[in-house]
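Chains, contacts and geometry: an overview
For reference, the chains in residue letters:
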Amino acid sequence: MKGLELCENFFKEYGLPLINGTFKEFSDRIAAGLVGHGSECFGFDDDVSKDHDYEAGFCFYLTDEDEKEFGFKLFRAYSKLPKEYLGVKKAEASLFGDGNKGVKTIKDFYSFYIPNGELPKSNAEWLSIPDFYLAEATNGKVFYDKKGEFTRLRKAIINDVPTDVWLKKLSSSLFYMAQFGQYNYKRCLAHGEKAAAAYALSNFAEHTAKAFFLINKKHSPYYKWLFRTMKELDGEAKNVSDKLEEILSSPYSEKTNFDLIEEICFILRKELTISDLTKGANIYGAGDYLEPYAYKVNELIKDANLRNMPVML
């Protein structure tokens, strides 16, 4: 059984009765779920993952005011829940605010991912947050949230990122794709710099994956799950993810990689056209070389300060 399913079943059997029983008077002020760090929150846990953090549990989320009023009582009640469920034993750990389970304030949870646990107020603040933080803040599942405050922030992190921020990140990824993959990979090999070539290839793959997430208006996860999650995106993402896996597989053919890089950049350029991100672009002679398209996307940014920043983030 996947960890997320295990935890949701545990919540339904023990957490929900607690909310509707002992804490009935506060039932519309408590949120619960499993969100954050760990493969189980992305639904990617497997038998290998069971060597750590595989246990039944969930997190209660409260506002600061509610935590002061009844947070400790809720913590005490959570601490008395079964330490074993469906044959899975609970690891010994502090329950209050520990990891993804126990009792946390909404602000404490989101503060790990966004400044002061509040939605960023400027483009600069949005840009300062790593994409994988935003992905972790919105993964997993909310099991219960009548008040809606926890879910409100969750949805805002997904839906309220300024368009200019998406465009800046995308233009940067396109630029790096061109530099690492289409330009420097081949030149590093020509210089006999095999380690540098491998580095260029890896960075090309990373920025290609990120470009597809950005086109789909989704936050890219930690590199460990980057290419796996990419397969779930719309458009040509799965096809390109398979090509990236081939590029990075060892042993590999330099000639094959040259061809695959150009195939990927051709596909990406078509995706840009489909998304109207290079509509009306007049880039004579650029072909599938992505650097001019990076600057074309950057020109779409309305915030002059952001637009005039270096395209390389």
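Described below are features of the structure shown in this document. The structure presented is a predicted model; accordingly, all values stated were derived computationally and were not measured.

Cut-offs and rules
- Residues numbered from 1 in each chain as written.
- Predicted model: local features only at pLDDT ≥ 70, side-chain atom pairs only at ≥ 80, totals over all residues.
- Heavy atoms only, no water.
- Helix = DSSP H or I, 4+ residues; strand = E, 2+ residues; numbered from the N terminus.
- Contact = heavy atoms within 4.5 Å.
- Polar contact = N/O pair within 3.5 Å; in protein donor to acceptor, adjacent residues only side chain to side chain.
- Pairing = 2+ DSSP bridges.
- Axes fitted to C-alpha atoms, helices over the stretch in contact; angles between N-to-C directions.

When you line up the elements, Lys-83 lands in the loop between α3 (64-79) and β3 (84-85). Distance from Lys-83 to Gly-57, taken between C-alpha atoms, is 9.2 Å for residues 26 residues apart in sequence. The contacts of Lys-83, once residues within four sequence positions are left out, are Val-88, Lys-89 and Lys-90. A polar contact of 2.6 Å, which involves the side chain of Lys-83, links it to the backbone oxygen of Ser-79. A polar contact is formed between the side chain of Lys-83 and the backbone oxygen of Leu-81, at a distance of 3.3 Å.

Read from one edge of the open sheet, four strands run β5-β2-β1-β6, paired in mixed fashion. A strand with exactly one partner marks an edge of an open sheet, and here the two such strands are β5 (102-105) and β6 (141-145). When the angles between neighbouring strand axes are averaged without regard to direction, this sheet yields 25°. In the sheet, strand β1 (residues 31-34) pairs with strand β2 (residues 59-62) via three bridges, with the strands oriented antiparallel. Residue pairing across strands places Gly-33 opposite Cys-59, the latter belonging to β2. Lying over the sheet, α3 contacts β2 and β5, oriented at roughly 160° with respect to β2. Running at roughly 145° to β6, helix α7 (residues 149-159) makes contact with β1, β2 and β6 of the sheet.

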